[in-house]
Amino acid sequence: ATGQHNELTTTTNMAAGSAGIKFKQEHVYSVKNNIMCGITFGAWCKLLWRRRASVEWKTYWFRLFFLTVLSVFNSVVAFAEWLVYGRKIAAAKINPRPVFVLGHPRTGTTHLINLLSRDNEQFGFCKTFHVGFPSGFLLLERYKHLLSGLLDSKRPMDNMALDWDLPQEDELGVNVLSAGISPYMPLVFMKDHRDYQPYFSFEHAEPADKTAFVSAFRYFLRKLTVRNGEEKRLIIKSPVHTARVKLLLQLFPDAQFLYIHRNPFEVFQSAINMAQTTYWYTYLHTPSDEDIVSFVVEQYEILYDTYVEARGLIPKGNLYELSFAKLDAEPLAEIRRIYATLGWPGVERVEPKIEAYRKTLRNFKKNAHVALTEEMQQLVLDRWGPSFTEFGYSRTPPS
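Note that the coordinates shown come from a computational prediction; the quantities given were computed from them, not determined experimentally.

1. A look at the sheet that holds strand 4 (residues 256-261)
Phase 1: Pairing is parallel across the open sheet formed by five strands, whose spatial order is 2-3-1-4-5. Unpaired on one side and paired on the other, strand 2 (123-125) and strand 5 (319-323) mark the two borders of the sheet. On average, adjacent strands in this sheet sit at an angle of 20° to one another, irrespective of strand direction.
Phase 2: For strand 1 (residues 99-102) and strand 4, the ladder comprises four bridges, and the chain directions are parallel. Looking at the pairing, Phe100 lines up with Phe257 of strand 4.

Printed below as a string of structure tokens:
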């Protein structure tokens, strides 16, 4: 068990340093894979004004120019969508029993949601296009092929397939709709990452910010409901929801939860790899090595501490915890256990679809990460130690 974790006075006031890790600036003029591509002009201006002192205008001028032009396009589409779908969105009733997939980034949440998405008869999902263009996807989705140049065909961090139709994290869309009221904003302003920590659980956030986030979140879920149908339960996956169990239960008392964990050493290696291969596509200023490492370390602490503290609030039968190792080794057996524990019908119907999906992964090769130095190992043990004990992981680094 852990003590209370206050995002405003995070334990990482003890500086993590960089643990000897060095990052290389890349993709300065790239406009691909950018989490802000769907923002509207008004929200974009609000965000830039708020963070004007943090923006490196000369370094990232091309990215700023491109996103500004795209924001005007998004505003036009958003207005047209409101004319066509506004009443339907306002009247949509979100299924009161959504399912939330929780877990720290790089623990296997994407693999899990990809498996669960085979059951598209009883569940609805959030797709990459929906979060990429959250203000206009109901109108724009039929033309998504025209925007394929904004995405690589594979995820930069792990070579998994990436396209507009794959399941994706709802927080990416809500971040844009709320003009940056999200802990995803450090991917744009990494040097300011502690400013966004109140947005993990919102327990210490300004009331106006919490209200704006909840409004954007519910609006996005209503749009997903219009897209998927009111009869379907939504399965929502965003790692930052791991810190929001209390909030999510306030919004949806009958929600169910899946929590996936992984060896913390492997999570750290994968997170550092992601920081190098992915984050540079979205920065609007240049962080230091220490900024990036402290973000990785602190995010894990916040997500772990708040989850362990709040999971007891989840009613019996509405939570299933699993390890990435088991899911990776025996996915069908783990999916059966999920269906049985949470009382979902129809696992036999879904199994052939899961098997077909697994066959598409036969040639997939996992990343070979840089070996952990003694300094990195000690950082992980010192800062993430409680999670080793909680989930039964060896404190000896994997070979």
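2. Points about helix 6 (residues 170-177)
Phase 1: Counting buried residues along helix 6, seven of its eight residues qualify, which places the element largely inside the surrounding structure.
Phase 2: Residues Asp170, Glu171, Leu172, Gly173, Val174, Asn175 and Val176 constitute the buried set of helix 6.
Phase 3: On the buried face of helix 6, the contacting elements are helix 1 (41-50), helix 4 (128-132), helix 7 (207-228) and strand 3 (233-237).
Phase 4: Downstream of helix 6 by one or two residues, Ala179 has phi in the positive range, about 60°.

3. Quick look at the environment of Phe23
Phase 1: Its place among the elements puts Phe23 in the segment before helix 1.
Phase 2: Considered as a pair, Phe23 and Asn273 are 250 residues apart in the sequence and their alpha carbons are 9.6 Å apart.
Phase 3: Excluding residues that lie within four positions of it along the chain, Phe23 makes contacts with Ile272, Ala275, Gln276, Trp280, Asp289, Ile292 and Val293.

4. Topic: the pattern of salt bridges
Phase 1: For the coordinates displayed, the defined rule picks out 24 salt bridges.
Phase 2: One salt bridge connects Arg244 with Glu171, and the closest N-O pair in it is separated by 2.7 Å. Taken together, the residues span a long stretch of sequence, with Arg244 in the loop between strand 3 and helix 8 (245-251) and Glu171 in helix 6 at a distance of 73 residues. An identical accessibility class is assigned to Arg244 and Glu171; each is buried.
Phase 3: Counted as one network, the salt bridges with shared partners bring together Asp119, Glu121, Arg349 and Lys353.

5. Digging into the packing of helix 10 (residues 289-310) against helix 14 (residues 374-391)
Phase 1: Here helix 10 crosses helix 14 at 25°, and the two axes come no closer than 11 Å. Between helix 10 and helix 14, the angle falls in the class roughly parallel. Where helix 10 crosses over helix 14, the two elements pack in a sense that is left-handed. Contact with helix 10, carried on its side by Val293, Val296, Val297, Tyr300, Glu301 and Tyr304, involves Leu379, Arg383, Trp384, Pro386, Ser387, Glu390 and Phe391 of helix 14 and no other residues of that element.
Phase 2: Taken together, the residues that form the contact of helix 10 with helix 14 break down as nine nonpolar, one polar and three charged.

Criteria and thresholds
- Residues numbered from 1 in each chain as written.
- Predicted model: local features only at pLDDT ≥ 70, side-chain atom pairs only at ≥ 80, totals over all residues.
- Heavy atoms only, no water.
- Pairing = 2+ DSSP bridges.
- Helix = DSSP H or I, 4+ residues; strand = E, 2+ residues; numbered from the N terminus.
- Axes fitted to C-alpha atoms, helices over the stretch in contact; angles between N-to-C directions.
- Buried < 20%, exposed > 50% of the residue type's maximum accessible area, 1.4 Å probe, protein only.
- Contact = heavy atoms within 4.5 Å.
- Salt bridge = Lys/Arg side-chain N within 4 Å of Asp/Glu carboxyl O.
- Parallel < 35°, antiparallel > 145°, perpendicular 65-115°, else oblique.
- Left-handed = near helix turned anticlockwise from the far one by under 90°.
- Nonpolar A, V, L, I, M, F, W, Y, C, P; charged D, E, K, R; others polar.

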